[in-house]
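# Residue-level structural notes
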Amino acid sequence: MRFAALLLVAMVLQAQESAMGKATAFDRAVVQEMSDVRVRPKDYAKYLRQLRDCFEGTLWKRPGRIPLRTEEGLAAYDEAIAFLESVSPVGPLRFNDGLARAARLHAQDIGPRGTLEHVGSDGSRLSQRLNRLGTWHGLIAENIGTLEQDPRQVVIQLIVDDGVPERGHRHNLFNPDLHQAGVGSAPHRDYKVVTVIDYADGFVLGH
């Protein structure tokens, strides 16, 4: 009961931080988790192997979590493990407050509308949303995830990329030309929570 109460307090504090426009501990933890898997992909593969036997067909029954219905089942999971075991490490990701603000604003835009689009309600794309907040250079990219409220599970979702034939989320995560990232989450009408991750080679907050 005490653990549940502490968890509830932590969730309330994170919600308050997000409402005030501040990056939460969860936001920063997702970036750190992404950075860790980029630097040590083989170590991450070992963790994924520990949960491999939790699949029953397309149902993934992780310990202590609600079973998750996947599209591809174990095939996508095994492909993700093989990728992690073979890919060369890339440089770490640095947390960027400006990218986090852009991600948070987009999450707050699409969440209530129940969409998972990279285009905002005003028709804006990522480059336009970043231009409103500052100056970016090089490559930029955006990932969107749902359902998960644990940083590691958010990152596993990006790596496995179940149901995404080209594995675009995974490609963004391991792109060596992306060096900074920011995360923002918001309640989602249909998927409980939506997490937006914005990446850039570089971004300077200017407004």
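See the structure printed just above.
### What about the overall build of the chain?
- Scanning the chain from N- to C-terminus turns up eight helices and seven strands.
- Sorting the 207 residues of the chain into buried and exposed places 46% on the buried side.
- Long-range pairs, those at least 24 residues apart, make up 71% of the contacts in the chain with a sequence separation of at least 6.

### What to know about a nonpolar patch on the surface
- A surface patch of nonpolar side chains, amounting to about 240 Å² of accessible area, comprises Leu 116, Leu 147 and Tyr 191.
- Following the sequence through the fold, Leu 147 ends up in the loop between β5 (134–146) and α7 (151–160).
- Take Leu 147: its relative accessible area is 37%, and that puts it in the partly exposed class.

### A look at the sheet that holds strand β3 (residues 68–69)
- Pairing within the open sheet is antiparallel, and its three strands lie in the order β1-β2-β3. Here the strands that pair on one side only, and so sit at the sheet edges, are β1 (55–56) and β3.
- Bridge count for β1 against strand β2 (residues 59–60) is two bridges, and the pairing is antiparallel. Across the sheet, the residue bridging to Phe 55 is Trp 60, located in β2.

### Focus on the pattern of salt bridges
- Here the structure, examined in full by the defined rule, presents 16 salt bridges.
- Arg 167 is paired through a salt bridge with Glu 72; the nearest N and O atoms lie 2.8 Å apart. Residue Arg 167 is located in the loop between α7 and α8 (168–173), and its partner Glu 72 is located in the loop between β3 and α4 (74–86); the two are separated by 95 residues in the primary sequence.
- Taking relative accessible area as the criterion, Arg 167 reaches 9% and is therefore assigned buried.

### Quick notes on the sheet that holds strand β7 (residues 192–205)
- Strand order across the open sheet formed by four strands is β4-β6-β7-β5, with mixed pairing between neighbours. Among the strands making up the open sheet, the edge pair consists of β4 (94–95) and β5.
- Along the sheet face, helix α5 (residues 97–113) touches β4, β5, β6 (180–188) and β7 and points at about 25 degrees away from the line of β6.
- The strands that helix α6 (residues 126–133) touches are β5 and β7; relative to β5, the one it contacts most, it runs at about 125 degrees.

### Looking at the side chain of Thr 146
- Mapped onto the elements, Thr 146 comes out in strand β5.
- Setting aside anything within four residues of it in sequence, one finds Thr 146 in contact with Leu 116, Gln 157, Tyr 191, Val 193 and Val 194.

### Observations regarding the pairing of β6
- Of all nine residues in β6, eight are buried, a share of seventy percent or more.
- As paired elements, β4 and β6 share two bridges and run parallel to each other. For Phe 95, the partnering residue across the bridge sits in β6 and is Ala 181.
- Between β6 and β7, which pair antiparallel and follow one another directly, the connecting turn spans three residues.

### A closer look at unusual backbone geometry
- Positive phi is not limited to glycine here, since Arg 167 has a value of about 50 degrees.
- The phi dihedral of Lys 192 is positive, around 70 degrees, even though this residue is not glycine.
- Considering the arrangement of structural elements, one finds Lys 192 in strand β7.

### What to know about the packing of helix α2 (residues 25–39) against α7
- Orientation of α2 relative to α7, taken along the N-to-C sense of each, is 50 degrees, at an axis distance of 8 Å. On the basis of their axis angle, the class for α2 and α7 is oblique. In terms of crossing hand, the pair formed by α2 and α7 is right-handed. On the side of α2, the interface is formed by Phe 26, Ala 29, Val 30, Glu 33, Met 34 and Val 37, while α7 contributes Pro 151, Arg 152, Val 154, Val 155, Leu 158 and Ile 159.

### Brief notes about the packing of aromatic side chains
- Within this structure, the stated rule accounts for four aromatic pairs.
- Residues Phe 55 and Trp 60 carry aromatic rings whose centres are separated by 5.4 Å and whose planes lie at 10 degrees to one another, so their mutual orientation is stacked.
- Here a set of aromatic residues connected by ring pairs shows up, and it is made of Phe 55, Trp 60 and Tyr 77.
- Sitting over the face of the ring of Tyr 47, Arg 152 holds its NZ or CZ atom 4.4 Å from the ring centroid.
- The ring of Phe 83 is capped by Arg 170, whose NZ or CZ atom sits 4.8 Å from the centre of that ring.

Rules of the game
Residues numbered from 1 in each chain as written. Predicted model: local features only at pLDDT ≥ 70, side-chain atom pairs only at ≥ 80, totals over all residues. Heavy atoms only, no water. Helix = DSSP H or I, 4+ residues; strand = E, 2+ residues; numbered from the N terminus. Buried < 20%, exposed > 50% of the residue type's maximum accessible area, 1.4 Å probe, protein only. Contact = heavy atoms within 4.5 Å. Patch = residues over 30% accessible without salt bridge, like charges linked within 9 Å, V, L, I, M, F, W, Y side chains within 5 Å. Areas by Shrake-Rupley, 256 points an atom, 1.4 Å probe, with all protein chains shown as cover. Salt bridge = Lys/Arg side-chain N within 4 Å of Asp/Glu carboxyl O. Pairing = 2+ DSSP bridges. Axes fitted to C-alpha atoms, helices over the stretch in contact; angles between N-to-C directions. Parallel < 35°, antiparallel > 145°, perpendicular 65-115°, else oblique. Left-handed = near helix turned anticlockwise from the far one by under 90°. Phe/Tyr/Trp six-rings, centres within 6.5 Å; stacked < 30°, edge-to-face > 60°. Lys NZ or Arg CZ within 6 Å of the ring centre and 35° of its normal.

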